[in-house]
Amino acid sequence: RIQANVKLENLLLVNTNSDNSKETSNANSYTLTVSNSATLTVNNCHITNLSSRAGIHVETVDSKLIISNSFIYGCKRSGIFAQNTNVVVSNCSLFDNGYAGILMKNSKVEINDTVSEFNPRGYHVDDTSICTIKNSTIISNIVGVLVEDKSELNIENSYVSYSFSDEEGGGIGINGESVCN
């Protein structure tokens, strides 16, 4: 659990805990958890979580994740789980995660020059979140971007496609009074 400002560079971060619970409260099941007004800056890292949760969990309003030039992959749930927070992702690759590249709940997330592929959902924008995606590629996910529960997606100069191997898939799905600009 990170509770102060921390900068990580040039690391391989792996969580191998075997916790089978859902993505909610047990911080030991995340590779990194950011809380209590902390800012985590990650550059040029590989992050994976072989347990049951997200690679990075950012969980409070005053916390912030800034991640660049990194790979987040193989997480049993989401690569990043942003909950009531702010996240900036630049020049990253999010792939082969069990639920989504990034799951956002009541968060503000900016994604730039990033690839999300081979996830069930490239990005899940949920619970009044605001997501801005620029100059990014979202391919070969079952659903490229799912926007729900009064959330907002702003997308610009990006490519969105989905995996044609699943009939339930789609490029961008919008539900529950959400908007896409």
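These figures come from a predicted structure and were not determined experimentally. (Residues numbered from 1 in each chain as written. Predicted model: local features only at pLDDT ≥ 70, side-chain atom pairs only at ≥ 80, totals over all residues. Heavy atoms only, no water.)

Colleague: Is there a simple way to think about the overall build of the protein in this case?
Modeller: The number of helices and strands found in the protein is zero helices and 22 strands. Based on the C-alpha atoms only, the size of the protein along its principal axes is roughly 40 × 30 × 30 Å. Looking at the protein as a whole, 49% of its 181 residues are labelled buried. Considering only intrachain contacts with a sequence separation of at least 6, the fraction spanning at least 24 residues in the protein is 45%. (Helix = DSSP H or I, 4+ residues; strand = E, 2+ residues; numbered from the N terminus. Buried < 20%, exposed > 50% of the residue type's maximum accessible area, 1.4 Å probe, protein only. Contact = heavy atoms within 4.5 Å.)

Colleague: When you look at the sheet that holds strand β6 (residues 56-58) in this model, what are you seeing that I'm missing?
Modeller: Sheets are built from strands paired through backbone hydrogen bonds, the pairs being either parallel or antiparallel. Taken together, seven strands build an open sheet; the order of strands is β3-β6-β9-β12-β15-β18-β21 and the sheet is parallel. Edge positions in the open sheet fall to β3 (32-34) and β21 (170-174), since each of these has one partner strand only. The sheet shows a mean angle of 5° between the axes of neighbouring strands, taken without regard to direction. With four bridges connecting them, strand β18 (residues 143-147) and β21 associate as parallel partners. In the sheet register, V147 faces β21, and the bridge partner there is I174. (Pairing = 2+ DSSP bridges. Axes fitted to C-alpha atoms, helices over the stretch in contact; angles between N-to-C directions.)

Colleague: When you look at the pairing of strand β19 (residues 152-156) in this model, what are you seeing that I'm missing?
Modeller: Within a regular strand, the side chains alternate between the two sheet faces. Here strand β16 (residues 130-134) pairs with β19 via five bridges, running parallel. Considered in β19, the bridge of T132 is made with N154. Relative to strand β22 (residues 179-180), β19 is paired through two bridges, and the arrangement is parallel. Counted as the bridge partner of L153 is C180 from β22.

Colleague: Explain the environment of Q83 to me, please; I cannot follow it from the model alone.
Modeller: Topologically, Q83 is positioned in strand β9 (residues 80-83). Judged by its relative accessible area of 24%, Q83 falls in the partly exposed class.

Any link to function would need more than the numbers given here.
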